[in-house]
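Given next are the chains, with one letter for each unit.
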Amino acid sequence: MYKERHQISLHFQSTRFATVFLALLVVFSNSATDARAYWTLDADVGGRYSDNVTNSSSSAGKKGDSATLAELSAGAFYVVGEYTGIGISANLKGGTNATYGGLNLFSTGLSYRVSQKFGLGPEAIRAVLSLSGSRDSYVDSGRDSNSYRAGLSASRWFGETIRLGIGYEYDKREQLNSKGSFCIGSYCYNDDIYGVAGNTGILSADVIVTEMDMLAFSYRHRSGDVTSVDAYTPSVLSASSAYAPDKTFGGLYAYRLSAVTDSISVGVSRELLRKMSLNLDYTYYTTGTGGGINYQGNIFNLIVAYSM
Amino acid sequence: MEIQNGFRSCAKLSALVAFNVIFALLQLRPAYSQNIEVLVRDANGAPAFNAVVYAYPADGNVPGWSPKTVIVDQIDKEFTPSVTIVPVGTPIFFPNDDDIRHHVYSFSQAKMFELPLYSGKQAKPVVFDKPGVVALGCNIHDWMVAYIYVSDTPYYAKTGKDGKTRLENLEPGRYNFFVWHPWMKGKPEDYRKFATVGGDSRVEFDVKLRANLHIRRAPAIGGGGY
C-alpha cells in the first residue's frame with residue numbers, strides 16, 4: 001500500500017513538473033515568435049576528481065573517484081525586447097567514472113532562461129530566471145532520476161573587470177526506480193534515497209585579471225536533503241529519512257539526510273580562443289546534519305568550454 | 001600672307017609652350033603633398049595594432065574636408081572594425097549583418113546615442129559632430145566593444161598589425177603628431193612629437209599600454225558538482 005501510494009505520488013509530481021515546464025516553454029516561446037533568434041551551441045569537455053563521491057562521514061565509507069565529462073547544449077536565444085532575452089536549449093550530458101562505473105551517467109534535458117536587464121551597458125543589473133529539467137540515467141539504475149532546477153539570480157559588472165552576483169536556486173530530484181521500501185525482517189525503511197530537494201543561496205564574483213584570465217569565486221549555502229553513502233551505523237540510520245543498500249559501493253548503504261551544506265569555489269578561466277576557454281576550479285564543501293553527522297569533500301574540475 | 005602664317009605659327013608655339021608649362025606645374029604639384037611613415041610600439045617594443053595617429057600643422061592652418069559616409073558593421077556578434085577614424089561631421093551607418101537584433105549605444109561625451117533593437121541597416125546614420133573618442137557597446141552582448149576616433153584634422157591613419165601606418169597628402173612643413181590607442185596610459189598630448197613633412201622620413205611613438213582587461217566572450221564554467 002505504501003509502495004503504491006509512493007509511486008502514485010511520484011508519478012503525480014513528475015507529471016506536474018513536466019506540465020509546468022512545458023507550459024512555460026510554450027507561453028514564452030509563443031511570445032518570442034516575433035523576435036529574431038539565433039542558434040546557440042555550448043559544449044564542455046573535461047574531467048573531475050572528487051575525493052568523497054560517497055559524501056561519507058566515515059573513512060570506511062569515503063571513496064574518491066575521477067570522471068570524464070562531456071556536455072552539449074543546443075538551442076535558440078530570442079531577443080524579445082530592448083532589455084529582455086529568452087534562451088531555450090536541449091541538453092545532453094554524459095560522464096564516465098574511472099573506478100565506480102555505477103555512477104556513469106547519461107542525461108537528457110531542457111533548459112529555459114529569461115534574462116532581463118535594467119538599463120544600458122554592462123554596469124546595469126541583469127536578472128536571470130532559469131528553469132531546467134533532466135532525465136538522468138545511471139549504470140546503477142537505482143540512481144535513475146528526474147532532476148529539476150529553478151533559479152533566480154542578479155549580477156552586474158563594476159567597470160569591465162569585476163562582476164558580482166547573488167542568486168537563489170531550488171533543486172529537486174525524483175528517484176525513478178524506488179520500490180517504496182526496503183525491509184530487513186519486519187523492519188521496513190523508505191528507500192527513496194535520491195528523492196531530495198534543497199534551497200541554495202549563492203554569492204559569486206568574477207574578476208578579469210589579465211587579458212586572457214578570469215578568476216571566479218563563489219559561495220553556496222544549501223539547506224535540504226542530501227544522499228550519503230556510508231557503512232551501516234545506527235547513528236546515521238537514526239538520522240536518515242530513507243535508507244537502502246548501495247549497489248555501486250558494495251557493502252555500503254545509501255542514506256537520505258536533512259543537512260546544510262556550505263561550499264566555496266575558486267576557479268581560473270583562461271581564454272583559449274574568442275569563444276573557447278580552459279577552466280580549472282576547486283570546490284571545498286562541508287555538510288552537517290542536526291544529528292552530528294558531518295562530512296567534507298574536495299572537488300577539482302578541468303573543463304574546456306566552447307560557446308558559439 | 002607670310003606674315004599672317006608666321007603669326008599663326010608663333011601663336012601655336014606659344015600655346016604649346018603654355019600647355020607644357022601648365023602640365024609640368026601640374027606634374028610638380030604632388031611633390032608638394034607628401035607622405036610620412038609612422039611606427040607605434042608598446043613599452044616592450046612590440047608593434048601596437050589599431051593605434052590612431054593624427055597630425056596638426058604647426059602653423060595651425062588645418063585644411064577643411066568633406067565628410068563621407070562610413071560603415072561600422074556588426075558581424076558574428078562583433079563590431080567590425082573595432083577601431084574607426086573619421087573626421088568631424090562624418091555620418092556613420094551601423095548595419096547589422098547578424099540574424100539577431102543588436103542594441104548599439106554610446107555613453108561617450110563626444111557622442112551619446114542609442115540605436116534600440118534593430119536588424120539590417122538603420123534608417124538614418126549617426127553624425128559624429130564633435131571631436132573625441134566614442135566607445136560603442138551592444139546592450140545585448142556585453143563583450144561587443146568598438147571605438148570611433150572623431151578627428152578634427154584630415155591627417156590621420158590607423159596602424160596595422162605591424163604597428164606601421166602612413167599619413168598621406170600632407171603639405172610640407174612642421175607638424176605636431178599625436179597617438180591614441182584604446183588601452184593607452186596617459187593622454188595623446190603626453191606622446192606629442194614634432195616632425196617636418198618633407199624633411200623627416202618617419203615618426204616613431206613608444207606608448208605605454210595597459211592590459212586589455214575587458215568583458216570577454218569566451219564562456220566560464222563555475223565550480224560545484226558536490
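The structure presented is a predicted model; accordingly, all values stated were derived computationally and were not measured. (Residues numbered from 1 in each chain as written. Chains lettered and ligands numbered in written order. Predicted model: local features only at pLDDT ≥ 70, side-chain atom pairs only at ≥ 80, totals over all residues.)

### Some words on the overall build of chain A
Scanning chain A from N- to C-terminus turns up two helices and 15 strands. With 308 residues in all, chain A has 30% of them scored as buried. Restricting to contacts in chain A with at least 6 residues of sequence separation, those with at least 24 account for 59%. (Helix = DSSP H or I, 4+ residues; strand = E, 2+ residues; numbered from the N terminus. Buried ≥ 20, exposed ≤ 12 C-beta atoms within 10 Å, placed from the backbone. Contact = placed C-beta atoms within 7 Å.)

### Re the interface of chain A and chain B
Tallying the contact residues gives 45 residues for chain A and 31 residues for chain B. Broken down by secondary-structure element, the contributors of at least two residues to the side of chain A that touches chain B are β1 (37–50), β10 (196–208), β11 (213–230), β13 (253–273), β14 (276–289) and β15 (294–307) of chain A. Here the side of chain A that touches chain B is composed, by residue class, of 16 nonpolar, 16 polar and 13 charged. (Nonpolar A, V, L, I, M, F, W, Y, C, P; charged D, E, K, R; others polar.)

### Things to note about the domain arrangement of chain B
Residues and elements named next belong to chain B. Taken domain by domain, chain B holds domain 1 (34–62 + 154–216) and domain 2 (64–152). Contacts between the two partners involve eleven residues from domain 1, matched on the other side by twelve residues from domain 2. Residue classes in the side of domain 1 that touches domain 2 are distributed as seven nonpolar, two polar and two charged. (Domains from an automatic or database assignment.)

### Observations concerning the sheet that holds strand β7 (residues 90–93) of chain B
Residues and elements named next belong to chain B. Spatially, the three strands line up as an open sheet ordered β3-β7-β10, and their pairing is mixed. Looking at which strands have only one partner, the edges of the open sheet turn out to be β3 (70–71) and β10 (126–128). The pairing of β7 with β10 spans three bridges and is classified as antiparallel. Each bridged residue has a counterpart across the sheet, and for Pro91 the counterpart in β10 is Val127. (Pairing = 2+ DSSP bridges.)

### Concerning the sheet that holds strand β14 (residues 164–170) of chain B
All names here are of chain B. The three strands lie next to each other as β14-β1-β17, forming an open sheet whose pairing is mixed. Each end of this open sheet is capped by a strand with a single partner; those strands are β14 and β17 (202–206). With direction set aside, neighbouring strand axes in the sheet form an average angle of 20 degrees. As defined by bridge partners, strand β1 (residues 34–41) adjoins β14 across five bridges and the pair is classed as antiparallel. By the bridge assignment, Glu37 is partnered in β14 with Arg166. (Axes fitted to C-alpha atoms, helices over the stretch in contact; angles between N-to-C directions.)

### Let's talk about the nonpolar core
Within soluble globular proteins, side chains that are nonpolar generally end up buried alongside one another. Val40, Val52, Val53, Ile148 and Val179 of chain B are the most contacted members of the largest nonpolar core, which totals 50 residues. Mapped onto the domain boundaries, this core takes at least three residues apiece from domain 1 (34–62 + 154–216) and domain 2 (64–152) of chain B. Each residue touching Val53 of chain B, except ones within four places of it in the same chain, is listed here: Val38, Val40, Tyr156, Ala157, Thr159, Thr165, Leu167, Phe177 and Val179 of chain B. Counting 17 residues, the second largest nonpolar core, distinct from the first, contains Tyr243, Ala244, Leu252 and Ile293 of chain A. (Core = buried A, V, L, I, M, F, W, Y, C linked by C-beta atoms within 7 Å.)

### Describing the pairing of β11 of chain A
Residue and element names in this part refer to chain A. Looking at chain direction, β10 and β11 are connected through eleven bridges and run antiparallel. Paired with Gly198 across the bridge in β11 is Gly224. In this sheet, β13 lies alongside β11 in antiparallel orientation, the contact comprising 18 bridges. In the sheet register, Asp213 faces β13, and the bridge partner there is Arg270.

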